[in-house]
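Structural features, examined
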Amino acid sequence: MLQDHDDKPAHECGVFGIVATDADVARLTFFGLYALQHRGQESAGIAVANGRTIRSHKAMGLVSQVFNEENLRPLTGHLAIGHTRYSTTGSSRLENAQPFVVESVLGPLAVGHNGNLTNAATLRQELLTRGVGLTGSSDSEVITQMLAGGEGRTWEEKFKVFMVRAQGAYCLTVLTRDALFAVRDPLGLHPMCLGRLGERGWVVASESCALGTIGASFEREIEPGEILMITTEGPRTIAHMPAHKPAECLFEYIYFARPDSLLHGKALHAVRVAQGRELAREAPAEADVVIPVPDSATPAAIGYAQASGLPYSEGLIKNRYIGRTFIQPDDQLRQVGIALKFNALTDNLAGKRVVMIDDSIVRGNTSGPIVRLLREAGASEVHVRVSSPPIRHPCFLGVDMATYPELIAHRLTIPQICEHLGADSLAYLSLEGLINASRHGDDTFCRGCFTGKYPVDIELVNKEIFELR
(Lines give C-alpha, C1' and ligand atoms only; values in the text may rest on other atoms or scores of the structure.)
Protein backbone atom coordinates (compact mmCIF):
# COMPACT_ATOMS: atom_id res chain seq x y z
CA MET A 1 0.00 0.00 0.00
CA LEU A 2 1.14 3.54 -0.71
CA GLN A 3 1.84 4.80 2.78
CA ASP A 4 5.21 6.46 2.14
CA HIS A 5 3.55 9.80 1.43
CA ASP A 6 0.78 9.58 4.02
CA ASP A 7 1.00 11.50 7.26
CA LYS A 8 -2.07 10.15 9.01
CA PRO A 9 -2.33 7.76 11.93
CA ALA A 10 -2.63 4.29 10.45
CA HIS A 11 -6.09 2.85 10.81
CA GLU A 12 -7.16 0.15 13.21
CA CYS A 13 -9.54 -2.69 12.31
CA GLY A 14 -13.18 -3.06 11.43
CA VAL A 15 -15.41 -5.78 12.88
CA PHE A 16 -18.86 -6.85 11.72
CA GLY A 17 -21.35 -9.51 12.76
CA ILE A 18 -24.82 -10.59 11.69
CA VAL A 19 -27.59 -13.01 12.68
CA ALA A 20 -30.33 -13.51 10.06
CA THR A 21 -32.18 -16.70 9.18
CA ASP A 22 -33.60 -15.47 5.86
CA ALA A 23 -30.58 -13.73 4.32
CA ASP A 24 -27.27 -14.47 2.64
CA VAL A 25 -25.20 -13.49 5.69
CA ALA A 26 -21.82 -13.92 3.97
CA ARG A 27 -22.82 -11.51 1.20
CA LEU A 28 -24.21 -8.98 3.68
CA THR A 29 -21.01 -9.26 5.71
CA PHE A 30 -18.99 -8.56 2.57
CA PHE A 31 -20.86 -5.30 2.02
CA GLY A 32 -20.64 -4.44 5.71
CA LEU A 33 -16.87 -4.85 5.55
CA TYR A 34 -16.80 -2.77 2.38
CA ALA A 35 -18.26 0.10 4.39
CA LEU A 36 -15.58 -0.42 7.06
CA GLN A 37 -12.67 -0.62 4.61
CA HIS A 38 -11.32 2.73 5.83
CA ARG A 39 -10.47 1.11 9.18
CA GLY A 40 -7.98 -1.36 7.70
CA GLN A 41 -6.69 -2.36 4.29
CA GLU A 42 -4.19 -5.17 4.92
CA SER A 43 -6.41 -8.27 5.08
CA ALA A 44 -10.04 -9.31 5.26
CA GLY A 45 -11.98 -12.37 6.32
CA ILE A 46 -15.45 -13.79 6.90
CA ALA A 47 -16.57 -16.74 9.06
CA VAL A 48 -20.08 -18.22 8.86
CA ALA A 49 -21.86 -20.62 11.25
CA ASN A 50 -24.84 -22.81 10.40
CA GLY A 51 -25.71 -24.28 13.81
CA ARG A 52 -23.19 -27.11 13.48
CA THR A 53 -19.92 -25.91 11.95
CA ILE A 54 -18.02 -22.74 11.08
CA ARG A 55 -16.58 -22.11 7.64
CA SER A 56 -14.29 -19.23 6.82
CA HIS A 57 -12.25 -17.50 4.14
CA LYS A 58 -9.58 -14.85 4.62
CA ALA A 59 -6.65 -13.46 2.66
CA MET A 60 -4.36 -10.47 2.33
CA GLY A 61 -5.70 -7.43 0.51
CA LEU A 62 -8.75 -5.20 0.31
CA VAL A 63 -12.25 -6.58 0.82
CA SER A 64 -12.89 -6.41 -2.93
CA GLN A 65 -9.63 -8.26 -3.62
CA VAL A 66 -10.20 -11.01 -1.06
CA PHE A 67 -13.77 -12.03 -1.92
CA ASN A 68 -15.55 -13.10 -5.07
CA GLU A 69 -18.64 -15.12 -5.94
CA GLU A 70 -16.69 -18.37 -5.90
CA ASN A 71 -15.28 -18.12 -2.38
CA LEU A 72 -18.44 -16.55 -0.91
CA ARG A 73 -20.69 -19.35 -2.20
CA PRO A 74 -19.57 -22.04 0.31
CA LEU A 75 -20.04 -19.68 3.27
CA THR A 76 -23.61 -20.70 4.07
CA GLY A 77 -25.39 -20.33 7.38
CA HIS A 78 -27.39 -17.83 9.42
CA LEU A 79 -24.64 -16.28 11.56
CA ALA A 80 -21.47 -14.56 10.37
CA ILE A 81 -18.64 -12.29 11.45
CA GLY A 82 -16.23 -10.32 9.30
CA HIS A 83 -12.99 -8.45 9.81
CA THR A 84 -10.83 -5.99 7.90
CA ARG A 85 -7.40 -5.45 9.40
CA TYR A 86 -4.70 -2.94 9.94
CA SER A 87 -1.94 -4.42 12.08
CA THR A 88 -1.26 -2.91 15.50
CA THR A 89 0.28 -5.88 17.30
CA GLY A 90 1.54 -8.48 14.81
CA SER A 91 2.85 -7.71 11.34
CA SER A 92 0.91 -7.74 8.10
CA ARG A 93 0.89 -11.39 7.03
CA LEU A 94 -1.69 -14.11 6.47
CA GLU A 95 -1.04 -15.82 9.81
CA ASN A 96 -2.38 -12.70 11.52
CA ALA A 97 -5.41 -12.20 9.27
CA GLN A 98 -8.79 -12.56 10.93
CA PRO A 99 -11.20 -13.99 11.94
CA PHE A 100 -9.27 -16.66 13.82
CA VAL A 101 -11.12 -19.99 13.78
CA VAL A 102 -10.34 -22.75 16.28
CA GLU A 103 -11.99 -25.77 17.90
CA SER A 104 -12.68 -25.67 21.63
CA VAL A 105 -14.25 -27.90 24.26
CA LEU A 106 -17.48 -25.94 23.75
CA GLY A 107 -17.34 -26.31 19.97
CA PRO A 108 -16.04 -24.20 17.08
CA LEU A 109 -15.07 -20.62 17.75
CA ALA A 110 -14.27 -17.64 15.47
CA VAL A 111 -12.98 -14.29 16.71
CA GLY A 112 -12.59 -10.85 15.13
CA HIS A 113 -10.82 -8.12 17.13
CA ASN A 114 -10.39 -4.36 16.87
CA GLY A 115 -8.01 -2.85 19.39
CA ASN A 116 -4.80 -3.67 21.20
CA LEU A 117 -4.11 -5.40 24.51
CA THR A 118 -1.53 -3.57 26.58
CA ASN A 119 -0.65 -6.68 28.62
CA ALA A 120 -0.50 -8.99 25.61
CA ALA A 121 3.12 -10.00 26.31
CA THR A 122 2.20 -11.34 29.76
CA LEU A 123 -0.90 -13.12 28.49
CA ARG A 124 0.98 -14.64 25.55
CA GLN A 125 3.70 -15.98 27.83
CA GLU A 126 1.07 -17.57 30.07
CA LEU A 127 -0.42 -19.38 27.07
CA LEU A 128 2.98 -20.62 25.93
CA THR A 129 3.82 -21.80 29.45
CA ARG A 130 0.59 -23.82 29.46
CA GLY A 131 1.67 -25.49 26.23
CA VAL A 132 -0.66 -23.62 23.88
CA GLY A 133 0.87 -23.38 20.41
CA LEU A 134 0.59 -20.04 18.57
CA THR A 135 0.97 -19.74 14.82
CA GLY A 136 0.89 -15.95 14.46
CA SER A 137 2.20 -12.90 16.27
CA SER A 138 -0.92 -10.88 17.08
CA ASP A 139 -2.67 -10.20 20.35
CA SER A 140 -5.90 -11.20 18.57
CA GLU A 141 -4.68 -14.81 18.46
CA VAL A 142 -3.91 -14.54 22.17
CA ILE A 143 -7.52 -13.45 22.76
CA THR A 144 -8.83 -16.36 20.68
CA GLN A 145 -6.80 -18.93 22.62
CA MET A 146 -7.74 -17.37 25.96
CA LEU A 147 -11.40 -17.78 25.09
CA ALA A 148 -11.03 -21.25 23.58
CA GLY A 149 -9.00 -22.75 26.42
CA GLY A 150 -9.69 -20.44 29.33
CA GLU A 151 -11.52 -21.10 32.57
CA GLY A 152 -15.29 -21.41 32.54
CA ARG A 153 -17.94 -23.98 31.73
CA THR A 154 -19.93 -21.63 29.49
CA TRP A 155 -19.07 -18.91 27.01
CA GLU A 156 -20.41 -16.33 29.45
CA GLU A 157 -18.01 -17.50 32.14
CA LYS A 158 -15.10 -17.57 29.68
CA PHE A 159 -15.80 -13.99 28.58
CA LYS A 160 -15.90 -12.78 32.16
CA VAL A 161 -12.58 -14.44 32.99
CA PHE A 162 -11.03 -12.95 29.86
CA MET A 163 -12.27 -9.44 30.68
CA VAL A 164 -10.81 -9.62 34.17
CA ARG A 165 -7.42 -10.62 32.77
CA ALA A 166 -7.22 -8.46 29.62
CA GLN A 167 -6.13 -4.84 29.69
CA GLY A 168 -6.41 -2.32 26.88
CA ALA A 169 -8.66 -1.92 23.88
CA TYR A 170 -10.87 -4.60 22.38
CA CYS A 171 -14.08 -4.72 20.41
CA LEU A 172 -14.78 -8.37 19.69
CA THR A 173 -17.17 -10.18 17.39
CA VAL A 174 -17.19 -13.83 18.48
CA LEU A 175 -18.96 -16.57 16.58
CA THR A 176 -19.94 -19.96 17.99
CA ARG A 177 -21.96 -22.62 16.18
CA ASP A 178 -25.27 -21.03 17.23
CA ALA A 179 -24.60 -17.55 18.64
CA LEU A 180 -22.91 -14.23 17.92
CA PHE A 181 -21.29 -12.33 20.79
CA ALA A 182 -20.30 -8.67 20.75
CA VAL A 183 -17.86 -7.62 23.48
CA ARG A 184 -16.56 -4.10 24.16
CA ASP A 185 -13.75 -3.35 26.61
CA PRO A 186 -14.72 -1.68 29.91
CA LEU A 187 -13.11 1.62 28.88
CA GLY A 188 -15.08 1.79 25.63
CA LEU A 189 -11.96 2.91 23.79
CA HIS A 190 -13.27 2.23 20.29
CA PRO A 191 -16.84 2.28 18.95
CA MET A 192 -19.22 -0.61 18.43
CA CYS A 193 -22.93 -0.52 17.69
CA LEU A 194 -26.02 -2.70 17.32
CA GLY A 195 -28.46 -2.54 14.42
CA ARG A 196 -31.69 -4.23 13.37
CA LEU A 197 -32.15 -5.86 9.96
CA GLY A 198 -35.77 -6.38 9.01
CA GLU A 199 -38.04 -8.10 11.50
CA ARG A 200 -35.69 -10.74 12.90
CA GLY A 201 -32.16 -9.89 11.82
CA TRP A 202 -29.49 -8.25 13.98
CA VAL A 203 -26.15 -6.66 13.14
CA VAL A 204 -23.14 -5.45 15.11
CA ALA A 205 -20.42 -3.28 13.60
CA SER A 206 -17.50 -1.04 14.46
CA GLU A 207 -19.37 1.92 13.00
CA SER A 208 -22.97 2.72 12.18
CA CYS A 209 -22.06 3.52 8.56
CA ALA A 210 -21.89 -0.25 7.94
CA LEU A 211 -25.52 -0.65 9.00
CA GLY A 212 -27.02 1.64 6.38
CA THR A 213 -24.97 -0.03 3.66
CA ILE A 214 -26.95 -3.27 4.09
CA GLY A 215 -30.31 -1.68 4.93
CA ALA A 216 -30.11 -2.10 8.70
CA SER A 217 -31.25 0.53 11.17
CA PHE A 218 -29.22 1.84 14.10
CA GLU A 219 -30.49 0.64 17.49
CA ARG A 220 -27.85 1.67 20.01
CA GLU A 221 -24.17 1.56 20.88
CA ILE A 222 -22.71 -1.48 22.60
CA GLU A 223 -21.95 -0.20 26.08
CA PRO A 224 -18.42 -0.19 27.52
CA GLY A 225 -17.90 -3.50 29.32
CA GLU A 226 -20.97 -5.09 27.75
CA ILE A 227 -21.15 -8.73 26.63
CA LEU A 228 -24.04 -8.98 24.17
CA MET A 229 -25.26 -12.38 22.98
CA ILE A 230 -27.33 -12.56 19.79
CA THR A 231 -29.17 -15.67 18.61
CA THR A 232 -32.18 -16.23 16.37
CA GLU A 233 -34.23 -15.21 19.42
CA GLY A 234 -32.63 -11.75 19.38
CA PRO A 235 -30.02 -9.85 21.42
CA ARG A 236 -29.52 -10.24 25.16
CA THR A 237 -26.96 -8.61 27.46
CA ILE A 238 -25.47 -11.44 29.50
CA ALA A 239 -22.95 -9.37 31.50
CA HIS A 240 -21.88 -5.78 32.02
CA MET A 241 -18.41 -4.97 33.36
CA PRO A 242 -17.79 -1.24 32.83
CA ALA A 243 -14.82 0.73 34.10
CA HIS A 244 -15.20 3.46 36.71
CA LYS A 245 -14.64 6.07 33.97
CA PRO A 246 -14.82 5.48 30.20
CA ALA A 247 -11.89 6.55 28.03
CA GLU A 248 -13.01 6.80 24.41
CA CYS A 249 -10.40 7.34 21.70
CA LEU A 250 -10.40 11.00 20.67
CA PHE A 251 -9.05 10.11 17.25
CA GLU A 252 -12.30 8.37 16.37
CA TYR A 253 -13.82 11.87 16.58
CA ILE A 254 -10.97 13.58 14.73
CA TYR A 255 -10.13 11.22 11.90
CA PHE A 256 -10.80 7.48 12.09
CA ALA A 257 -14.53 6.96 11.98
CA ARG A 258 -16.37 7.84 8.79
CA PRO A 259 -18.05 11.27 8.89
CA ASP A 260 -21.49 9.69 8.38
CA SER A 261 -21.08 7.40 11.40
CA LEU A 262 -22.85 8.16 14.67
CA LEU A 263 -21.10 8.44 18.01
CA HIS A 264 -23.22 9.28 21.04
CA GLY A 265 -26.11 10.00 18.72
CA LYS A 266 -24.32 12.64 16.67
CA ALA A 267 -22.95 12.38 13.14
CA LEU A 268 -19.20 12.85 13.12
CA HIS A 269 -19.42 15.28 10.24
CA ALA A 270 -21.18 17.74 12.56
CA VAL A 271 -18.61 17.11 15.29
CA ARG A 272 -15.73 17.84 12.92
CA VAL A 273 -17.41 21.00 11.65
CA ALA A 274 -17.64 22.11 15.29
CA GLN A 275 -13.92 21.37 15.72
CA GLY A 276 -13.20 23.65 12.76
CA ARG A 277 -15.32 26.43 14.26
CA GLU A 278 -13.46 26.15 17.56
CA LEU A 279 -10.14 26.23 15.68
CA ALA A 280 -11.17 29.46 13.94
CA ARG A 281 -11.98 31.07 17.27
CA GLU A 282 -8.69 29.98 18.81
CA ALA A 283 -6.42 30.58 15.83
CA PRO A 284 -7.73 33.16 13.35
CA ALA A 285 -5.70 34.11 10.30
CA GLU A 286 -5.67 37.10 7.95
CA ALA A 287 -6.36 35.35 4.69
CA ASP A 288 -8.50 35.23 1.56
CA VAL A 289 -9.68 31.64 1.41
CA VAL A 290 -9.98 28.45 3.48
CA ILE A 291 -9.17 25.08 1.89
CA PRO A 292 -9.04 21.55 3.34
CA VAL A 293 -6.52 18.80 2.89
CA PRO A 294 -9.03 16.34 1.43
CA ASP A 295 -10.88 14.35 2.28
CA SER A 296 -10.68 13.95 6.04
CA ALA A 297 -10.18 17.64 6.87
CA THR A 298 -13.11 18.88 4.78
CA PRO A 299 -15.66 19.15 7.64
CA ALA A 300 -13.19 21.06 9.83
CA ALA A 301 -12.44 23.44 6.96
CA ILE A 302 -16.16 24.08 6.49
CA GLY A 303 -16.43 24.91 10.19
CA TYR A 304 -13.38 27.17 10.09
CA ALA A 305 -14.80 29.07 7.13
CA GLN A 306 -18.18 29.45 8.85
CA ALA A 307 -16.70 30.85 12.06
CA SER A 308 -14.06 33.05 10.41
CA GLY A 309 -16.25 34.51 7.68
CA LEU A 310 -13.65 33.57 5.07
CA PRO A 311 -14.82 31.88 1.87
CA TYR A 312 -14.44 28.10 1.65
CA SER A 313 -12.94 26.68 -1.52
CA GLU A 314 -11.23 23.62 -2.91
CA GLY A 315 -7.52 24.04 -3.49
CA LEU A 316 -6.47 20.40 -3.71
CA ILE A 317 -7.94 17.51 -5.62
CA LYS A 318 -7.13 14.11 -4.20
CA ASN A 319 -6.58 10.96 -6.23
CA ARG A 320 -8.85 8.81 -4.07
CA TYR A 321 -7.51 5.51 -5.39
CA ILE A 322 -3.74 5.91 -5.32
CA GLY A 323 -3.63 5.00 -1.62
CA ARG A 324 -5.44 1.75 -2.33
CA THR A 325 -2.83 0.20 -4.57
CA PHE A 326 -0.34 -2.43 -3.49
CA ILE A 327 1.93 -1.62 -6.43
CA GLN A 328 4.81 0.46 -5.09
CA PRO A 329 6.04 3.47 -7.08
CA ASP A 330 9.46 3.30 -8.69
CA ASP A 331 12.22 5.83 -7.99
CA GLN A 332 11.00 8.25 -10.63
CA LEU A 333 7.47 8.26 -9.20
CA ARG A 334 8.77 8.60 -5.65
CA GLN A 335 10.43 11.84 -6.71
CA VAL A 336 7.01 13.09 -7.79
CA GLY A 337 6.05 12.58 -4.15
CA ILE A 338 2.89 14.30 -3.00
CA ALA A 339 1.75 14.87 -6.60
CA LEU A 340 0.87 11.18 -6.68
CA LYS A 341 -1.95 11.96 -4.28
CA PHE A 342 -2.87 15.63 -4.86
CA ASN A 343 -3.25 18.09 -7.69
CA ALA A 344 -3.56 21.83 -6.96
CA LEU A 345 -6.34 23.99 -8.42
CA THR A 346 -4.33 26.96 -9.64
CA ASP A 347 -7.35 29.17 -10.42
CA ASN A 348 -8.49 28.95 -6.79
CA LEU A 349 -5.06 29.65 -5.31
CA ALA A 350 -3.18 32.16 -7.46
CA GLY A 351 -2.43 35.33 -5.53
CA LYS A 352 -4.46 34.18 -2.52
CA ARG A 353 -3.58 34.09 1.16
CA VAL A 354 -4.61 30.53 1.99
CA VAL A 355 -5.64 28.91 5.26
CA MET A 356 -4.93 25.21 4.82
CA ILE A 357 -6.91 23.05 7.27
CA ASP A 358 -5.69 19.59 8.22
CA ASP A 359 -7.05 17.28 10.93
CA SER A 360 -3.67 16.05 12.20
CA ILE A 361 0.07 16.13 11.59
CA VAL A 362 1.88 12.99 12.69
CA ARG A 363 5.30 12.63 11.07
CA GLY A 364 5.27 15.88 9.14
CA ASN A 365 6.26 14.21 5.88
CA THR A 366 3.15 15.26 3.94
CA SER A 367 2.23 18.74 5.13
CA GLY A 368 5.49 20.35 3.94
CA PRO A 369 5.19 19.09 0.36
CA ILE A 370 1.54 20.18 0.29
CA VAL A 371 2.53 23.69 1.38
CA ARG A 372 5.11 23.77 -1.43
CA LEU A 373 2.50 22.52 -3.88
CA LEU A 374 0.17 25.38 -2.91
CA ARG A 375 2.95 27.94 -3.30
CA GLU A 376 3.87 26.53 -6.71
CA ALA A 377 0.21 26.92 -7.68
CA GLY A 378 0.45 30.64 -6.88
CA ALA A 379 -0.64 30.96 -3.23
CA SER A 380 0.96 34.11 -1.79
CA GLU A 381 0.74 32.91 1.82
CA VAL A 382 -0.04 29.55 3.40
CA HIS A 383 -1.31 29.44 6.98
CA VAL A 384 -1.63 25.90 8.35
CA ARG A 385 -4.33 25.19 10.93
CA VAL A 386 -4.78 21.75 12.52
CA SER A 387 -8.07 20.65 14.10
CA SER A 388 -6.36 18.51 16.74
CA PRO A 389 -3.60 19.18 19.29
CA PRO A 390 0.05 18.25 18.59
CA ILE A 391 0.56 14.47 18.71
CA ARG A 392 3.54 14.04 21.01
CA HIS A 393 3.13 10.43 22.15
CA PRO A 394 2.48 7.06 20.47
CA CYS A 395 -0.76 5.14 20.87
CA PHE A 396 -0.71 1.67 22.43
CA LEU A 397 -4.46 1.12 22.38
CA GLY A 398 -5.35 0.04 18.87
CA VAL A 399 -3.98 2.85 16.70
CA ASP A 400 -0.68 2.50 14.84
CA MET A 401 0.21 6.16 15.39
CA ALA A 402 4.03 6.26 15.14
CA THR A 403 7.04 5.90 17.45
CA TYR A 404 8.51 8.74 19.53
CA PRO A 405 11.37 9.43 17.07
CA GLU A 406 8.86 9.59 14.19
CA LEU A 407 6.47 12.07 15.84
CA ILE A 408 7.40 15.56 14.66
CA ALA A 409 5.65 17.26 17.60
CA HIS A 410 7.71 15.16 20.01
CA ARG A 411 10.96 16.35 18.41
CA LEU A 412 10.16 19.96 17.54
CA THR A 413 8.34 22.96 18.97
CA ILE A 414 5.41 24.47 17.09
CA PRO A 415 7.54 27.32 15.65
CA GLN A 416 10.12 24.75 14.54
CA ILE A 417 7.40 22.64 12.90
CA CYS A 418 6.12 25.74 11.11
CA GLU A 419 9.61 26.39 9.74
CA HIS A 420 9.98 22.72 8.77
CA LEU A 421 6.71 22.86 6.81
CA GLY A 422 7.60 26.16 5.14
CA ALA A 423 4.31 27.73 6.27
CA ASP A 424 3.71 31.39 7.08
CA SER A 425 2.04 30.40 10.33
CA LEU A 426 0.95 27.25 12.15
CA ALA A 427 -1.57 26.68 14.93
CA TYR A 428 -3.24 23.65 16.49
CA LEU A 429 -6.61 23.27 18.20
CA SER A 430 -6.16 23.08 21.97
CA LEU A 431 -7.04 19.92 23.84
CA GLU A 432 -9.73 21.79 25.74
CA GLY A 433 -11.16 23.14 22.50
CA LEU A 434 -11.14 19.69 20.94
CA ILE A 435 -12.97 18.13 23.88
CA ASN A 436 -15.52 20.95 24.02
CA ALA A 437 -16.24 20.74 20.30
CA SER A 438 -16.44 16.95 20.34
CA ARG A 439 -18.66 16.43 23.38
CA HIS A 440 -19.59 19.79 24.88
CA GLY A 441 -17.17 19.45 27.77
CA ASP A 442 -18.02 15.82 28.64
CA ASP A 443 -14.43 14.68 29.16
CA THR A 444 -14.57 10.88 28.98
CA PHE A 445 -11.75 10.49 26.49
CA CYS A 446 -8.38 8.81 26.21
CA ARG A 447 -5.85 11.60 25.60
CA GLY A 448 -2.67 9.50 25.68
CA CYS A 449 -1.33 10.56 22.26
CA PHE A 450 -1.57 14.21 23.30
CA THR A 451 -0.47 14.09 26.95
CA GLY A 452 1.34 10.76 27.42
CA LYS A 453 -1.12 9.82 30.18
CA TYR A 454 -2.90 6.59 29.30
CA PRO A 455 -5.98 5.10 31.00
CA VAL A 456 -4.18 1.76 31.58
CA ASP A 457 -0.64 0.62 32.25
CA ILE A 458 1.39 0.21 29.06
CA GLU A 459 3.47 -2.90 28.46
CA LEU A 460 3.99 -3.18 24.70
CA VAL A 461 7.00 -1.71 22.87
CA ASN A 462 6.20 -2.15 19.18
CA LYS A 463 3.72 -3.98 17.00
CA GLU A 464 6.16 -6.68 15.89
CA ILE A 465 7.21 -7.64 19.40
CA PHE A 466 5.88 -11.22 18.97
CA GLU A 467 7.29 -11.92 15.52
CA LEU A 468 8.48 -15.48 15.12
CA ARG A 469 12.21 -15.61 14.50
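Residues numbered from 1 in each chain as written. Predicted model: local features only at pLDDT ≥ 70, side-chain atom pairs only at ≥ 80, totals over all residues. Heavy atoms only, no water.

With that settled, consider helix 10 (residues 298-308). All of the buried residues along helix 10 are Pro 299, Ala 300, Ala 301, Gly 303, Tyr 304 and Ala 305. In the core, the buried residues of helix 10 are packed alongside helix 9 (268-282), strand 17 (289-292), strand 20 (353-358) and strand 21 (381-386). Positive phi shows up at Gly 309, right after helix 10, with a value of about 80 degrees. (Buried < 20%, exposed > 50% of the residue type's maximum accessible area, 1.4 Å probe, protein only. Helix = DSSP H or I, 4+ residues; strand = E, 2+ residues; numbered from the N terminus. Contact = heavy atoms within 4.5 Å.)

Now for the pattern of salt bridges. One pass over the structure, following the stated rule, counts 15 salt bridges. Ionic pairing is found between Glu 278 and Arg 281, a salt bridge with its closest N-O pair at 3.1 Å. With Glu 278 and Arg 281 both in helix 9 and three residues apart, this pair spans about one turn of that helix. Taking relative accessible area as the criterion, Arg 281 reaches 56% and is therefore assigned exposed. The partner of Glu 406 in a salt bridge is Arg 363, and the shortest N-O contact between them spans 3.9 Å. In this pair, Glu 406 sits in the loop between strand 21 and helix 14 (408-411) while Arg 363 sits in the loop between strand 20 and helix 13 (367-376), placing the two residues 43 residues apart along the sequence. Classification of Arg 363 by relative accessible area gives partly exposed; the value is 25%. Because the salt bridges share partners, they merge into one network encompassing Asp 24, Arg 27 and Glu 69. (Salt bridge = Lys/Arg side-chain N within 4 Å of Asp/Glu carboxyl O.)

Here the focus is the sheet that holds strand 3 (residues 54-60). Taken in spatial order, the seven strands make up an open sheet running 3-2-4-1-10-9-11, and their pairing is antiparallel. The two strands at the open ends of the sheet, each matched to only one other strand, are strand 3 and strand 11 (217-221). When strand polarity is set aside, the average angle formed by the axes of neighbouring strands in this sheet is 15 degrees. Pairing of strand 1 (residues 13-19) with strand 10 (residues 201-205), which is carried by four bridges, proceeds in the antiparallel orientation. (Pairing = 2+ DSSP bridges. Axes fitted to C-alpha atoms, helices over the stretch in contact; angles between N-to-C directions.)

Our focus in this paragraph is the packing of aromatic side chains. Given two aromatic rings, their pairing is described by the distance between the two centres and the angle made by the two planes. Under the definition given, this model contains 10 aromatic pairs. Between Phe 251 and Phe 450, the aromatic rings sit 5.9 Å apart at their centres with planes inclined by 25 degrees, giving stacked as the arrangement. In this pair, Phe 251 sits in helix 8 (residues 250-256) while Phe 450 sits in helix 17 (residues 448-451), placing the two residues 199 residues apart along the sequence. Seen from their ring centres, Phe 396 and Tyr 454 are 5.5 Å apart, and the 75 degrees between their planes marks the pair as edge-to-face. (Phe/Tyr/Trp six-rings, centres within 6.5 Å; stacked < 30°, edge-to-face > 60°.)

What follows concerns the sheet that holds strand 7 (residues 168-175). The strands making up a sheet associate through hydrogen bonds between their backbones, and the pairing can be parallel or antiparallel. With antiparallel pairing, the six strands of this open sheet are ordered in space as 5-6-7-8-12-13. Lying at the two open borders of the sheet, with one neighbouring strand each, are strand 5 (100-104) and strand 13 (234-240). Ignoring strand direction, the axes of neighbouring strands in this sheet form an average angle of 25 degrees. Note: strand 6 (residues 107-117) against strand 7, eight bridges, orientation antiparallel. Following the sheet pairing, Ala 110 is matched in strand 7 by Leu 175.

Quick look at the pairing of strand 2 (residues 43-49) now. Within strand 2, seven of the seven residues are buried, which leaves the element mostly enclosed by the surrounding structure. Sheet topology note: the strand 2/strand 3 ladder contains seven bridges and is antiparallel. Note that in strand 3 the partner of Ala 49 across the bridge is Ile 54. The antiparallel hairpin formed by strand 2 and strand 3 contains four residues in its connecting segment, where Gly 51 sits at a positive phi of about 95 degrees. Here strand 2 runs beside strand 4 (residues 79-85); their pairing, made up of seven bridges, is antiparallel. If you follow Ala 49 over to strand 4, its bridge partner there is Leu 79.

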